[in-house]
Amino acid sequence: MTLVYIFIYFSSILVFSNILYTSLEIYFSEEKEVELKRYSNYISRDIEANGYLHNGSGELKDDLDNISDIYNIRVMVLDYQGSVIYDTQRVENNKLLVNEEIVKALSDKESIKYVQDVVNVFTPISNKTGAVDGVVIVSSSLKDIYAMITVIQDIIFNLLIIIGIIVAILYIYFTGVFVKPLHELLKAIKNISKGHLDEKVDIKKNDEFAELGKAFNQMTDRLYDIDQSRSEFVSNVSHELKTPLSSIKVLTESLLLQDNVPEELYKEFLNDINNEIDRQTAIINDLLTLVRLDEKEKVLNITKLNLNELVEKILKRLQPLAENRNIDLIFETNRQVEADIDEMKITLAISNLIENGIKYNRDRGKVIVTLDAGHDEAFITVTDTGIGIPEDHFDKLFQRFYRVDKTRDRATGGTGLGLSIAHRSILLHKGSISLDSEEGIGTRFYVTIPLRRQKV
Ligand code: ADP
């Protein structure tokens, strides 16, 4: 590109300087012609007025010599026969000159003729009766003009070359300045496509490129986070699925390695194996639920539903679980609340919260569900009287497989995915979920759901 620009620029300079030369040549030659015509007309009138041609006066020669010196011109005066009466250069004196221009002048017509670098003006000397008495030839060399034009041309040419060089330097400099950040960005993008998701660009300036760099770095941060959480998730899934399998393996091997195993032991071990399989099935089911919730393009199956009835239905279903541990399930509401929701997904969210309230409760504790509504939102709280959650776990609680007490929670049979599912479902409805908790006293989850459908 740069070479093309340079080529175009210098060819333009050459063409321009040629056009300039020709234009100046035409301009100055025309100026010269006008000037010479003025002199020759003046001389012609002067000769005629003073009757020099008839008197043969020596004054004529002095006058012509003066004019020739002052204006740096050659003057020749010819009589009506073409014979040179006086040549200021004294070369043609008394010679007979005949050419086309002299003939024209003798027939009272002015003309101009260029001979090499010399311009000659032929002017008739006419008397009062209109007859031609002779001819004045005024000549001047154009060499000075050509020399001057060449100087002007050289100055402009050199100036354009200098401007060209300056422009080229500036062009190369600024192209470098502009292109450098783009090169950096390109390099970073290539690195990312090779899998280096932690790639960053370092753009120090404070312009659009810096904005671009900032946006790019934010994007790579996000990509990196996504990649990290993906690998974390995969490792968590593998770990969670491996644990029940390891237990099953140990139980099976211990049965296989023993001879004459009593039937009760078989039953006990098979029962344990069955429990592990149930656990694994629960994990896989929860994972599938999450995958489905992650599929953003899947539209929510929204219907207008009475939330009071929905909560009651959930509580009824979970009643046996609560009864096992003598836990009271209480529903408090003093109004009917209707909302546009996906029944299945909101049921999943609220069920998980209530189930947790039961699971992480003390025996004979309580789980209280409240339902209320404002102008735009439904408010649901799920409060338990259980073990509580330390505050430093709050922000990680909704991560997949996150458990506060790893060993203990696994024993309670949780998959570590319940709160992620609840969180995802509520967010899909453009609602919010948060919590408050005090260790040993209990936990309260706050859920808000927009009453009217919002675009997902
Ligand atoms: P899990 O299947 O283990 O219950 P969740 O995602 O539902 O998974 O919950 C994540 C962790 O949060 C639980 O393992 C538990 O440690 C803690 N947790 C959730 N709800 C409660 C609660 N109501 N009280 C105390 N701890 C809770």
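What counts as what
- Residues numbered from 1 in each chain as written.
- Predicted model: local features only at pLDDT ≥ 70, side-chain atom pairs only at ≥ 80, totals over all residues.
- Heavy atoms only, no water.
- Helix = DSSP H or I, 4+ residues; strand = E, 2+ residues; numbered from the N terminus.
- Rg over C-alpha atoms; globule rule 2.2 N^0.38 Å.
- Buried < 20%, exposed > 50% of the residue type's maximum accessible area, 1.4 Å probe, protein only.
- Contact = heavy atoms within 4.5 Å.
- Areas by Shrake-Rupley, 256 points an atom, 1.4 Å probe, with all protein chains shown as cover.
- Lys, Arg positive; Asp, Glu negative; His and termini not counted.
- Charge placed at Lys NZ, Arg CZ, Asp CG, Glu CD.
- Pairing = 2+ DSSP bridges.
- Axes fitted to C-alpha atoms, helices over the stretch in contact; angles between N-to-C directions.
- Core = buried A, V, L, I, M, F, W, Y, C linked by side-chain atoms within 4.5 Å.
- Salt bridge = Lys/Arg side-chain N within 4 Å of Asp/Glu carboxyl O.
- Phe/Tyr/Trp six-rings, centres within 6.5 Å; stacked < 30°, edge-to-face > 60°.
- Expected span 1.5 Å × (residues − 1).
- Polar contact = N/O pair within 3.5 Å; in protein donor to acceptor, adjacent residues only side chain to side chain.
- Domains from an automatic or database assignment.
- Buried area = accessible area lost by both parts, 1.4 Å probe.
- Parallel < 35°, antiparallel > 145°, perpendicular 65-115°, else oblique.
- Left-handed = near helix turned anticlockwise from the far one by under 90°.
- Nonpolar A, V, L, I, M, F, W, Y, C, P; charged D, E, K, R; others polar.
- Patch = residues over 30% accessible without salt bridge, like charges linked within 9 Å, V, L, I, M, F, W, Y side chains within 5 Å.

Draft legend 1. Broad picture of the overall build of the protein chain. Assigned secondary structure in the protein chain consists of 11 helices and 12 strands. Its C-alpha atoms give the protein chain a radius of gyration of 54 Å, clearly above 23 Å, the size a compact globule of 456 residues would have. In terms of its C-alpha atoms, the protein chain occupies a principal-axis envelope of roughly 160 × 60 × 35 Å. Looking at the protein chain as a whole, 39% of its 456 residues qualify as buried. Taking as baseline every contact in the protein chain between residues at least 6 positions apart, the subset at least 24 positions apart corresponds to 64%. Accessible surface, the protein chain: about 27,400 Å² in total, of which carbon and sulfur atoms supply 56%. In the protein chain, 53 positive and 70 negative side-chain charges are present, and the distance between their average locations comes to 5 Å.

Draft legend 2. Region of interest: the sheet that holds strand 1 (residues 74-79). Here five strands make up an open sheet; going across it, the order is 2-1-5-4-3 and the pairing antiparallel. The open sheet has two edge strands, strand 2 (84-87) and strand 3 (111-115), and neither has a second partner. Strand after strand, the sheet turns through a mean of 20° between neighbouring axes, direction not considered. The strands that helix 1 (residues 2-50) touches are strand 1, strand 3, strand 4 (118-126) and strand 5 (132-141); relative to strand 4, the one it contacts most, it runs at about 30°.

Draft legend 3. Structural view of the sheet that holds strand 7 (residues 328-333). The five strands lie next to each other as 7-9-10-12-11, forming an open sheet whose pairing is mixed. Every interior strand has two partners, whereas the edge strands, strand 7 and strand 11 (432-438), have only one. Taking each pair of neighbouring strands and ignoring which way they run, the sheet shows an average axis angle of 15°. By the bridge criterion, seven bridges tie strand 9 (residues 366-373) to strand 10 (residues 377-384) in an arrangement that is antiparallel.

Draft legend 4. Quick peek at the nonpolar core. If you look at the biggest cluster of nonpolar residues, it comprises 39 residues, and the most contacted ones within it are Leu 307, Leu 329, Ile 350, Ile 354, Ile 358 and Phe 445. For this core, the secondary-structure elements that each account for two or more residues are helix 8 (307-324), strand 8 (338-342), helix 9 (343-359), strand 9, strand 10, helix 11 (418-428), strand 11 and strand 12 (442-450). Ranked by the residues each element gives to this core, the list is headed by helix 8, at seven residues. For Ile 358, the contacting residues outside a window of four places in its chain are Leu 318, Leu 321, Ala 322, Arg 325, Ile 327, Leu 329 and Val 367.

Draft legend 5. Representation of the pattern of salt bridges in the model. Applying the stated rule across the entire model yields 18 salt bridges. Between Asp 294 and Arg 424 there is a salt bridge, and its shortest N-O distance comes to 2.9 Å. You can see Asp 294 sitting in helix 7 (residues 263-294) and its partner Arg 424 sitting in helix 11, a full 130 residues away along the chain. The partly exposed category is assigned to Asp 294, whose relative accessible area is 32%. Between Lys 304 and Asp 340 there is a salt bridge, with its nearest N and O atoms 3.2 Å apart. Remark: Asp 340 occurs in strand 8 and Lys 304 occurs in strand 6 (residues 302-306); sequence separation between them is 36 residues. Of the residues examined, Lys 304 reaches a relative accessible area of 52% and is grouped as exposed. Connected through salt bridges with shared partners, the residues Glu 240, Arg 279 and Arg 403 form a single ionic network.

Draft legend 6. Molecular detail of the packing of aromatic side chains. All chains considered together, the criterion is met by five aromatic pairs. Plain terms: the ring middles of Tyr 27 and Phe 28 are 5.2 Å apart, the flat faces sit at 75° to each other, and that makes the pair edge-to-face. Since its relative accessible area comes to 47%, Tyr 27 is described here as partly exposed.

Draft legend 7. A look at helix 9. Here helix 9 contains 17 residues, and its C-alpha end-to-end distance of 23 Å stays within 8% of the 24 Å for a straight helix at 1.5 Å per residue. Burial of helix 9 is extensive: 12 of the 17 residues sit out of reach of the surface. One side-chain oxygen at the N-terminal end of helix 9 lies 3.2 Å from the backbone nitrogen of Met 344; it belongs to Asp 342.

Draft legend 8. Representation of the domain arrangement of the protein chain within the structure. Assigned domains within the protein chain: domain 1 (2-146), domain 2 (208-294) and domain 3 (302-450). Here the C-alpha centroids of domain 2 and domain 3 sit 23 Å apart. Between domain 2 and domain 3, the contact holds 15 residues from the first and 15 residues from the second. Of the roughly 1,400 Å² buried where domain 2 meets domain 3, counting both sides, 64% is carbon and sulfur surface.

Draft legend 9. Highlighting the packing of helix 1 against helix 5 (residues 143-193). It is at 10 Å that the axes of helix 1 and helix 5 come closest, and there the two elements cross at 160°. Comparing their axes, helix 5 and helix 1 come out roughly antiparallel. In this structure, the crossing between helix 1 and helix 5 has a hand that is right-handed. When the residues that make up the contact of helix 1 with helix 5 are grouped by side-chain class, the tally is 21 nonpolar, six polar and two charged.

Draft legend 10. Local environment of the pairing of strand 9. Side chains Val 367, Val 369, Leu 371 and Ala 373 project from strand 9 onto a buried face, and the interleaved Lys 366, Ile 368, Thr 370 and Asp 372 project onto a face without burial. Direction of pairing for strand 7 relative to strand 9: parallel, over a ladder of six bridges. Note that in strand 9 the partner of Phe 331 across the bridge is Val 369. Joining the antiparallel neighbours strand 9 and strand 10 is a turn of three residues.

Draft legend 11. Local environment of the packing of helix 9 against helix 11. Across the interface, helix 9 lies against helix 11 with an axial gap of 8 Å and an inter-helix angle of 145°. Classified by chirality, the crossing of helix 11 by helix 9 is left-handed. Facing Lys 345, Ile 346, Leu 348, Ala 349, Asn 352, Leu 353 and Asn 356 of helix 9, the residues of helix 11 in contact are Gly 418, Leu 419, Ile 421, Ala 422, Ser 425, Ile 426 and Leu 428. Classifying every residue of the contact of helix 9 with helix 11 gives nine nonpolar, four polar and one charged.

Draft legend 12. Here's a closer look at a nonpolar patch on the surface. A contiguous nonpolar surface patch, about 610 Å² in accessible area, is contributed by Ile 162, Ile 166, Leu 170, Tyr 173, Phe 174 and Phe 178. Within the secondary structure layout, Tyr 173 lies in helix 5.

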